[in-house]
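A structural walkthrough
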Amino acid sequence: MAGRVEGKVAFITGAARGQGRSHAVRLAQEGADIIAVDACAPVSGSDQIPAATPEDLAETVDLVKGLGRRIIASEVDVRDFDAVRATLDSGVEQLGRLDIVAANAGIGNGGELLHNTSEQDWDIMIGINLSGVWKTVKAAVPHLITGGHGGSIILTSSVGGLKAYANTGHYIAAKHGVIGLMRSFAVELGEHSIRVNAVCPTNVNTPMFMNEGTMKMFRPDLENPTKDDFAPVAQFMHVLPIGWVEPVDISNAVLFLASDESRYVTGLPLTVDAGSTLK
C-alpha cells in the first residue's frame, strides 16, 4: 500500500542520522513532508559516540528531497524548548500543518553502576532522553489541537524502558520515564483524536550502538573488541537469532503508528526487540 501518510507533515527530532534519518526517509517514501531537527554537536559525557554533524543533517535533507518531498531542517538541541518551539512554529507555517511527531532524539553515555554515575552524566541523560521528549511534544501539541484533524505522536523509548540492565541505570530511568510520558499524553490528548504511542527498540545498527564504548561494555574481557566479538553476546539478549536490528525495522513500526492503519491504537509500547523482553 503506497502513500500511507500522503499529504501529512511529520516533525522528527534526532533526524541527522541513525533511526531519525531512517524515519524521515521512510515517512517521505509514503508521502509525508518533514520538519527535521538535530543538535549536530557533541554532547558532554557521550564522547565515545561521535556526534552527528551538519553534513549528516544535510544528507538527510538530500535523501528526502530525492523522494520528491519537502523538508525543513534545523540544528536544534531538544533541551532548548524555545528553539524547538520556534523551529516547529516556522516549519508548520511553511508546510501548512502538522500530523505526526516522532520524538526520537536521544543519547547513550556512561557505563557506570547507577550509584557511581556522575551527576553530569545523569543530568545530561535525563535532559535529552526524557525532558527533551517532553519538550518536543509540548511544542507540538498546540499545532495538533488547532489543526483539528487529530494526529499521531510516537516517542522513542527502548526495551530499556520496559526492563532493566546493569551499568546504564540513568538511561533505563529516562526510557522508563518516556513510557510514563506516552501513557499520560495518550490519556490527556485522546479527546482531540491525538494518539500517543512508543516504539521500544532493542539494539539497532546505528552509531549510538555500534561504537567502541558499547562494545567494551558488552565485552569487558577484551581490550579491543570487534563487531564479530560483539555479535554473539548481543545475540544472547534475544529470542530470535540476531544481535541487532536495522533502523528501517524501527521506521516501519513508526510508519504503522503514524498511519491510519493504527487509527485506534494509543497508549501502546510497541516492541521491535527480536524477543528481548521475553528473556
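Named according to an unreviewed UniProt entry, the protein chain is SDR family mycofactocin-dependent oxidoreductase originating from Nocardia transvalensis. Looking at the protein chain in UniProt, the text filed under Sequence similarities (unreviewed entry) is "Belongs to the short-chain dehydrogenases/reductases (SDR) family."

So, about the sheet that holds strand 4 (residues 100-103). Taken in spatial order, the seven strands make up an open sheet running 3-2-1-4-5-6-7, and their pairing is parallel. Of all the strands in the sheet, just strand 3 (71-75) and strand 7 (269-272) have a single pairing partner and so form its edges. Strand-to-strand, the axes of this sheet are offset by a mean angle of 15°, without reference to chain direction. In this sheet, strand 6 (residues 194-201) lies alongside strand 5 (residues 151-156) in parallel orientation, the contact comprising six bridges. Bridge pairing in strand 6 links L155 to A198. Across the sheet, helix 8 (residues 247-258) touches strand 4, strand 5, strand 6 and strand 7, and the angle it forms with strand 6 is around 165°.

Ranked by internal contacts, the top residues of the largest apolar core, which has 33 residues, are F11, L88, L98, I153, L155 and V196. Mapped onto this core, the elements with two or more residues apiece are strand 1 (9-13), strand 2 (33-38), helix 3 (81-95), strand 4, helix 4 (119-147), strand 5, helix 5 (169-189) and strand 6. In terms of residue count, the dominant contributor to this core is helix 5 (seven residues).

Scanning the entire structure with this criterion turns up three aromatic pairs. Three or more aromatic residues joined by ring pairs make a cluster, and in this case those are F209, F230 and W244. Taking NZ or CZ as reference, K138 lies 5.5 Å from the ring centre of F81, over its face. Just above the ring of F236 sits the side chain of K279; from NZ or CZ to the centre is 4.5 Å.

This part covers helix 2 (residues 54-66). What sets the pattern is the α-helix's 3.6 residues per turn: residues three or four places apart point alike. With 13 residues, helix 2 ought to run about 18 Å at 1.5 Å a step, and its terminal C-alpha atoms sit 18 Å apart, in line with that. Every buried residue of helix 2 is accounted for by D56, L57, T60, V61 and V64. What you see down the axis of helix 2 is that its buried residues fit within an arc of 145°, all on one side. Set apart from the buried face of helix 2 by more than 90 degrees, the exposed residues are E55, D62, K65 and G66. At its buried positions, helix 2 is contacted by helix 1 (18-29), strand 2 and strand 3. G68, located one to two residues past helix 2, shows a positive phi value of around 80°.

The grouping of V239, L240, I242 and L278 at the surface amounts to a nonpolar patch, some 380 Å² of accessible area in total. Checked against the element boundaries, V239 lands in the loop between helix 7 (227-235) and helix 8. On the accessibility criterion, V239 (49% relative accessible area) is partly exposed.

Among the structural elements, N129 can be located in helix 4. Taking relative accessible area as the criterion, N129 reaches 0% and is therefore assigned buried. Within polar-contact distance, the side chain of N129 engages the backbone nitrogen of I107 at 2.8 Å. Those residues in contact with N129 that sit more than four places away from it in its chain are A105, G106, I107, Y171, A174, K175 and V178.

Before going further, it helps to examine the environment of N167. Relative to the helices and strands, N167 resides in the loop between strand 5 and helix 5. Under the relative-accessibility criterion, N167 is labelled partly exposed at 28%. Filtering out sequence-adjacent residues up to four positions away, N167 remains in contact with G111, E112, L113 and M217.

Take the pairing of strand 6 next. In terms of burial, strand 6 is largely enclosed, as eight of its eight residues are buried. Of the two faces of strand 6, the one lined by I194, V196, A198 and C200 and the one lined by R195, N197, V199 and P201 are each fully buried. Here four bridges tie strand 6 to strand 7, and the two strands are oriented parallel to one another. Residue pairing in the sheet places P201 in a bridge with V272 of strand 7.

Cut-offs applied
- Residues numbered from 1 in each chain as written.
- Predicted model: local features only at pLDDT ≥ 70, side-chain atom pairs only at ≥ 80, totals over all residues.
- Heavy atoms only, no water.
- UniProt positions renumbered as here; feature names shortened; annotations may be inferred.
- Pairing = 2+ DSSP bridges.
- Helix = DSSP H or I, 4+ residues; strand = E, 2+ residues; numbered from the N terminus.
- Axes fitted to C-alpha atoms, helices over the stretch in contact; angles between N-to-C directions.
- Contact = heavy atoms within 4.5 Å.
- Core = buried A, V, L, I, M, F, W, Y, C linked by side-chain atoms within 4.5 Å.
- Buried < 20%, exposed > 50% of the residue type's maximum accessible area, 1.4 Å probe, protein only.
- Phe/Tyr/Trp six-rings, centres within 6.5 Å; stacked < 30°, edge-to-face > 60°.
- Lys NZ or Arg CZ within 6 Å of the ring centre and 35° of its normal.
- Expected span 1.5 Å × (residues − 1).
- Arc of directions from axis to C-beta.
- Patch = residues over 30% accessible without salt bridge, like charges linked within 9 Å, V, L, I, M, F, W, Y side chains within 5 Å.
- Areas by Shrake-Rupley, 256 points an atom, 1.4 Å probe, with all protein chains shown as cover.
- Salt bridge = Lys/Arg side-chain N within 4 Å of Asp/Glu carboxyl O.
- Polar contact = N/O pair within 3.5 Å; in protein donor to acceptor, adjacent residues only side chain to side chain.

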